[in-house]
Amino acid sequence: MTQYLLSVHHTPDDPILKMSPEEVQPYFDATGVFNDKLQAEDAWVFAGGLHAIESATTVDGTGAEVIVTDGPFAESKEWLGGFWVIEAPDLDAALAWAAEGSRACGAKVEVRPFQSE
Amino acid sequence: MTEPDGAAAAIERIYRAEYGRVVASLVRRFGDIDLAEDAAGEALLAAVERWPVDGVPPNPGGWLTTTATRRAIDRIRRESHRDAKHQAAHMIEDDTPHEPTGIVEDDRLRLIFTCCHPALAPEARVALTLKLLGGLTVAEIAQAFFVPETTMAQRLTRAKRKIADAHIPYRVPGPEDLTRRLGGVLAVVYLVFNEGYLASSGEAPIREELTGEAIRLGRVLRELLPEVPEVAGLLALMLLTEARRTTRVAAGELVPLHEQDRGGWDRGLIAEGHALVRECLAVGRPGQYQILAAVNAVHTDAPTAADTDWAQIATLYTQLQSLAPSPVVQLNRAVAVAELDGPEVALAEVDRLGLSTYHAWHATRADLLRRLGRSGEARAAYDAAIAATANEAERAYLSRRRGSLAP
């Protein structure tokens, strides 16, 4: 089994960002159903949705002094909205989960394998 | 095996033919593409040493696989300190039991689905397929696709690393995905074929190598998936196209279908292609390769260009248009319409398509305008066609046609 990161990426023109709370609700519900299915099939490792990108703080501890800055690491046209860490036998299985997750949450999903050690 | 050169060439030929089987079998067993390739290379060195002395073994493919397997095991033992890491880097181990027969074929089929996986970049799929199944060298593949050897080597290394890191599986997809994934495999094989065929005026030897390799892969797929009509359709399409290859260029100039010397067509390939077309169409599950093969069967069935059954060809393109709509299909249909309803009707259809970056669109317009006696417009269309193609043989043909226009 390999662990994969399924990350949910948003761009400013994602239709889901312009929806009313009532319109977004079905996506939350579908994501909940998807999460339940991941757990039922033992593919679930961890998952979470993130607050808006404006809530980000960047910390640089690489120099002599730690520098704390308000805002994301890089001003970017796309940002991470949330993620799943799943366990799957191979990439085909991970891609199938990603397709289902993308449909559920209404955004594109990137799939990356974790290093095994 | 008395003539050293002949022996070396014979070994090279056997090795090339068996390479895909050997590598596929080792990838299945060890789950490591680089190890499989290195071991296959060592088995070749052993064959070069042994065969001229001992003679070619009765089952050279089996000999190469056994020798390569031993070399791979030796290497794993030698590098046993790396073993833990090695295991971790393995692709998916397949634990389905070995079938008593046909497993070698099965291994090649698995490997081609890995090479043509949709998670790999299209150009990497083509390169990997030629490298692992076709046994072409990095230098040959680089030359065939006009990229520097280092670029091609990096492309292959990246693809192989992704297969290992992302655990791209080494198996034939299940029935629910097979049709879609097989479509990707057939597309790669047809791309290899066209790369060799369409640009055949360039570096001829390597180009012929590509069409030959595509046909060989098509035959392997046909052998492995005899019940899938599109597989037979693709093989038939390639055979019927290949049958005309030697008559397609004369004195550096492209020869269009209606001017080709039909006596020079390869009757053996045509007979094989026709049989495949009949067989796959009888299944009643038409697909784009089957229809294109049928079009080629109609052309190769006509003793002279004037005998061509254009109504049949127009019908086939109409069918293809409903199955896989594209302006290129409509353009080809218009060529048949010109023969049936005259160039004026065809020109109206062609003009509607507006494929202004496609050289064949300009060339078709040019020919229709010429037939309508509209020389000035035809000249401009030939100019546009010449500007839109890089193929020297085609440019030579178009330039001659342009020069023969009435003032």
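Since the model is a prediction, treat every value here as computed from it, not as a measurement.

## Looking at the overall build of chain A
Of regular secondary structure, chain A possesses two helices and six strands. The secondary structure elements of chain A, listed N-terminal to C-terminal, are β-α-β-β-β-β-α-β. Dimensions of chain A, computed from the C-alpha atoms along their principal axes, are close to 45 × 45 × 20 Å. Among the 117 residues that make up chain A, the fraction classed as buried is 28%. Considering only contacts in chain A between residues 6 or more positions apart, those separated by 24 or more positions represent 75%. Only carbon and sulfur atoms are counted for the fraction: they give 57% of the accessible area of chain A, which is about 7700 Å². When the 6 basic and 20 acidic side-chain charges of chain A are each reduced to a single mean position, those positions are 9 Å apart.

## Quick look at the environment of Pro118 of chain B
Residues and elements named next belong to chain B. Summarising the element assignment, Pro118 is placed in the loop between helix 5 (103–115) and helix 6 (122–133). Between the C-alpha atoms of Pro118 and Ile168, which are 50 residues apart in sequence, the distance is 9.9 Å. Setting aside residues up to four positions removed in sequence, Pro118 forms contacts with Arg125 and Arg181.

## What about the packing of aromatic side chains?
The geometry of an aromatic ring pair is captured by two quantities: the separation of the ring centres and the angle between the planes. Counting across every chain of the model gives eight aromatic pairs over all chains. Judged by centre distance (5.0 Å) and plane angle (85°), the rings of Phe34 of chain A and Trp84 of chain A are edge-to-face. One end of the pair, Phe34 of chain A, is in helix 1 (residues 21–40); the other, Trp84 of chain A, is in strand 5 (residues 79–88), and 50 residues separate them in sequence. Trp84 of chain A carries the same exposure label as Phe34 of chain A, and that label is buried. Consider the rings of Tyr15 of chain B and Tyr19 of chain B, whose centres lie 5.4 Å apart with planes at 70°: the pair is edge-to-face. With a gap of four residues between them, Tyr15 of chain B and Tyr19 of chain B both fall in helix 1 (residues 4–30), about one helical turn apart. Tyr19 of chain B carries the same exposure label as Tyr15 of chain B, and that label is buried.

## With respect to the sheet that holds strand 1 (residues 2–10) of chain A
All names here are of chain A. Ordered in space as 2-5-1-6, the four strands form an open sheet in which the pairing is antiparallel. Unpaired on one side and paired on the other, strand 2 (44–49) and strand 6 (108–113) mark the two borders of the sheet. Strand-to-strand twist across the sheet, computed as the mean angle between neighbouring axes with direction ignored, equals 20°. Two elements, strand 2 and strand 5, share five bridges in a ladder whose sense is antiparallel. When the sheet's bridge partners are listed, Gly48 is paired in strand 5 with Phe83. Along the sheet, helix 1 makes contact with strand 2 and strand 5, crossing strand 5 at roughly 25°. Contacting strand 1, strand 5 and strand 6, helix 2 (residues 91–105) runs over the sheet at an angle of about 155° to strand 6.

## Comments concerning the interface of chain A and chain B
Contacts between the two partners involve 10 residues from chain A and, on the opposite side, 12 residues from chain B. Both sides together, the interface formed by chain A and chain B hides about 800 Å², and carbon and sulfur atoms give 52% of it. Scanning the region where chain A abuts chain B turns up three salt bridges. Between Asp92 of chain A and Arg181 of chain B there is a salt bridge, and its shortest N-O distance comes to 3.6 Å. The interface formed by chain A and chain B includes five residue pairs in polar contact (both at pLDDT 80 or more). Those elements that place two or more of their residues in the side of chain A that touches chain B are strand 1 and helix 2 of chain A. Looking at which element gives the most residues to the side of chain A that touches chain B, the answer is helix 2 of chain A, with three residues.

## Remarks on the packing of helix 14 (residues 310–323) of chain B against helix 15 (residues 327–341) of chain B
All names here are of chain B. Where helix 14 meets helix 15, the axes come as close as 9 Å, and the angle between the chain directions of the two elements is 155°. Between helix 14 and helix 15, the interaxial angle falls into the category roughly antiparallel. As for the relative orientation of helix 14 and helix 15, their crossing is left-handed in sense. When helix 14 is examined against helix 15, the residues Trp310, Ala311, Ile313, Ala314, Tyr317, Thr318, Leu320 and Gln321 are found in contact with a partner set consisting of Val329, Gln330, Asn332, Arg333, Val335, Ala336, Glu339 and Leu340. Within the contact of helix 14 with helix 15, the residues separate by chemical class into 10 nonpolar, four polar and two charged.

## Considerations on the side chain of Arg365 of chain B
Tracing the backbone through its elements, the reader meets Arg365 of chain B in helix 17 (residues 359–371). Apart from residues lying up to four places away in sequence, Arg365 of chain B is in contact with Leu347, Val350, Asp351 and Ala381 of chain B.

## Details of helix 1 of chain A
One full turn of an α-helix is made of 3.6 residues, so residues set three or four places apart face in the same direction. All names here are of chain A. The terminal C-alpha atoms of helix 1, which comprises 20 residues, lie 28 Å apart, in line with the 28 Å expected from a rise of 1.5 Å per residue. Residues of helix 1 that are buried: Val24, Thr31, Phe34, Asn35 and Leu38. The arc that holds the buried residues of helix 1, viewed along the axis, is 105°, so those residues lie on one side. Away from the buried face of helix 1 by more than 90 degrees, exposed residues Glu22, Val33 and Ala40 are located. Elements that come into contact with the buried residues of helix 1 comprise strand 2, strand 5 and helix 2. Among the residues trailing helix 1, Asp42 stands out with phi positive, at a value near 60°.

## Overview of the nonpolar core
Core analysis: the largest hydrophobic core is formed by 116 residues, its most contacted members being Trp84 and Ile86 of chain A together with Leu64, Leu111 and Ile112 of chain B. Formed by 25 residues, the second largest nonpolar core is a distinct cluster that contains Ala334, Ala346, Ala363 and Ala385 of chain B.

## Section: the confidence of the model for chain B
Residue and element names in this part refer to chain B. For chain B, per-residue confidence averages 88 on the pLDDT scale, and 91% of positions sit at 70 or higher. Across residues 91–104, where pLDDT falls below 50, the model places 23 contacts with residues more than four positions away in sequence or in other chains. ipTM for the predicted complex: 0.85, alongside a pTM of 0.81.

Procedures and definitions
Residues numbered from 1 in each chain as written. Chains lettered and ligands numbered in written order. Predicted model: local features only at pLDDT ≥ 70, side-chain atom pairs only at ≥ 80, totals over all residues. Heavy atoms only, no water. Helix = DSSP H or I, 4+ residues; strand = E, 2+ residues; numbered from the N terminus. Buried < 20%, exposed > 50% of the residue type's maximum accessible area, 1.4 Å probe, protein only. Contact = heavy atoms within 4.5 Å. Areas by Shrake-Rupley, 256 points an atom, 1.4 Å probe, with all protein chains shown as cover. Lys, Arg positive; Asp, Glu negative; His and termini not counted. Charge placed at Lys NZ, Arg CZ, Asp CG, Glu CD. Phe/Tyr/Trp six-rings, centres within 6.5 Å; stacked < 30°, edge-to-face > 60°. Pairing = 2+ DSSP bridges. Axes fitted to C-alpha atoms, helices over the stretch in contact; angles between N-to-C directions. Buried area = accessible area lost by both parts, 1.4 Å probe. Salt bridge = Lys/Arg side-chain N within 4 Å of Asp/Glu carboxyl O. Polar contact = N/O pair within 3.5 Å; in protein donor to acceptor, adjacent residues only side chain to side chain. Parallel < 35°, antiparallel > 145°, perpendicular 65-115°, else oblique. Left-handed = near helix turned anticlockwise from the far one by under 90°. Nonpolar A, V, L, I, M, F, W, Y, C, P; charged D, E, K, R; others polar. Expected span 1.5 Å × (residues − 1). Arc of directions from axis to C-beta. Core = buried A, V, L, I, M, F, W, Y, C linked by side-chain atoms within 4.5 Å. pLDDT = per-residue confidence, 0-100.

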